[in-house]
Amino acid sequence: MGEIKKVVLAYSGGLDTSVILKWLQEEYGAEVITFTADLGQGEDLEKVRERAIKTGASKVYIEDLKEEFVYNYVFPALKAGAVYESKYMLSTALGRPLIAKKLVEIAEKEGADAVAHGCTGKGNDQVRFEVTVSALNPNLKVLAPVREWSMRSREEEIEYAMKHGIPVEATKKSPYSVDLNLWGRSIECGVLEDPWVEPPEEVFKLTVSPKEAPDEPTYLEIEFREGIPVALNGEEMNGVELIQKLNEIAGRNGVGRVDLVENRLVGIKSREVYEHPAATVLHTALRGLEEITLERETRHFKEILANKYAELVYYGLWFHPLREAIDSFMNTIHRTTTGTVRVKLFKGSCAVVGRKSPYSLYDYSLATYEKGDMFDHKAAEGFIKLWGLPLKIKAAVDSKAKGE
Ligand code: ARG
């Protein structure tokens, strides 16, 4: 692989990446710089810094990327209506390309030969990291120690950590694998590996059980400007704050739980549970607004692109030219997606109950069945005649062919 002298490691501060931090020094004799992204996972990042230094990092980068994450990754995906397999709002998948992009930037700045991550050889995240790195800097090597080394269990990793003086948290490790950022929380492993088993209450952290949610509904008003949420209940706020507030309010109402057996990129099916309270509210609300602002064919065509967009994100192809092209489409059609949506949250459900927009295409005088109806009923007759004409011709030809 050539000599590797300096590596930038995507570091979470957990056991896996701490062991990797040491392993890279031991195995390659490399200098290791760590990088930790703050995507709103709400962890004590000073502790992460301390731990990295104690484990031998030559330099520690910790960056607050919340705003970049929200405006450059989350909101474009929201505008596109990107939801994988109709359920997963892509929280983990949207964070990966941003982390990988920063890894590349730091590696270039520091003159490193490689970047490293702690993903296993079975998941989507390894693909997302590596494809992104190769798209942004094809000369950088990527190391995936978990795929390479012979350690196979958590016990072996703990043993390695003890032997090398890596501080191991005394707390009992939960059986679940969790990834968290502002846009959502992904939970897998443990009992969830049996798709027949209902997710136990203990896996949820952002949402209460709908059973425990308030007995009165909570109403919200969300204002969008060109497809981007800009205000909550009349108060303008930054996207990061808006998402944090919505996570709290919707979480309290038990909104945003998802249980999905999904198709991974590497070919297997895996069961994952998600909590995305804010994402659920915002996707629901924006769809509600689109109902009145998007013209019919545009809206139907958008659904096709939404699905494609979700696949691109899930498949690790964020920096794909098609993704950028779809963004252009979405930006164009959303020039008029401006308005306010009223949403009702109640015991796990989230429903649009009102929408208004200065660009609304809804025309009362055309839609109404009451007095004041301006629709040209007579014109319908000729329209139906021509609309059905191809079918009428076909039927005539078919019956002639049958010798009637
Ligand atoms: N299945 C999701 C994805 O591929 C989440 C992956 C990370 N999940 C986790 N529990 N660590 O985007």
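Attention in this report is confined to the structure presented alongside it. Owing to the predicted nature of the structure, the values given are computational and were not obtained by experimental measurement.

Right, let's talk about unusual backbone geometry for a bit. Across the chain, the bulk of peptide bonds are trans and the bulk of non-glycine residues have phi less than zero. Positioned with a positive phi, Leu90 is a non-glycine residue whose angle comes to about 70 degrees. You can see Leu90 is positioned in the loop between helix H3 (66–80) and helix H4 (91–110). A positive phi angle, near 45 degrees, is found at Lys347, a position not held by glycine. Within the fold, Lys347 resides in the loop between strand S13 (339–346) and strand S14 (349–356).

Take the sheet that holds strand S9 (residues 228–232) next. One open sheet accounts for five strands, arranged S10-S9-S8-S13-S14; its pairing is antiparallel. In the strand order of this sheet, the two ends are held by strand S10 (235–236) and S14, each with one partner. With seven bridges joining them, strand S8 (residues 218–225) and S13 adopt antiparallel strand pairing. The residue of S13 that forms the bridge with Ile222 is Val341. Lying on the sheet, helix H8 (residues 239–252) is in contact with S8, S9 and S13; it crosses S9 at an angle near 65 degrees.

Looking now at the site of the ligand. Surrounding the ligand, one finds 16 residues, the nearest of these being Tyr88, Asn124, Ser177, Glu262 and Glu272. Tyr88 has a polar side-chain atom sitting 2.6 Å from an oxygen atom of the ligand. Here an oxygen atom of the ligand and a side-chain polar atom of Asn124 are 2.7 Å apart. Listing elements by their share of the shell around the ligand, those giving two or more residues are H4, helix H5 (125–136), strand S6 (177–181), strand S7 (184–188) and strand S12 (269–275). Across the shell around the ligand, the residue classes tally to six nonpolar, four polar and six charged.

Here the focus is the pairing of S9. Within S9, five of the five residues are buried, which leaves the element mostly enclosed by the surrounding structure. Two strands pair when backbone bridges link them, and S8 and S9 are joined in this way by four bridges, in the antiparallel orientation. Its bridge partner lying in S9, Phe224 is registered against Pro229. Taking the residues between adjacent antiparallel strands as the criterion, S8 and S9 are bridged by two residues, where Glu226 takes a positive phi near 50 degrees. Bridge count for S9 against S10 is two bridges, and the pairing is antiparallel. Bridging from a neighbouring strand, Ala231 pairs with Glu236 of S10. Taken together, S9 and the strand that follows it, S10, pair antiparallel across an intervening segment of two residues, in which Asn233 is found at a positive phi of about 50 degrees.

What counts as what
- Residues numbered from 1 in each chain as written.
- Predicted model: local features only at pLDDT ≥ 70, side-chain atom pairs only at ≥ 80, totals over all residues.
- Heavy atoms only, no water.
- Helix = DSSP H or I, 4+ residues; strand = E, 2+ residues; numbered from the N terminus.
- Pairing = 2+ DSSP bridges.
- Contact = heavy atoms within 4.5 Å.
- Axes fitted to C-alpha atoms, helices over the stretch in contact; angles between N-to-C directions.
- Near = heavy atom within 4 Å.
- Polar contact = N/O pair within 3.5 Å; in protein donor to acceptor, adjacent residues only side chain to side chain.
- Nonpolar A, V, L, I, M, F, W, Y, C, P; charged D, E, K, R; others polar.
- Buried < 20%, exposed > 50% of the residue type's maximum accessible area, 1.4 Å probe, protein only.

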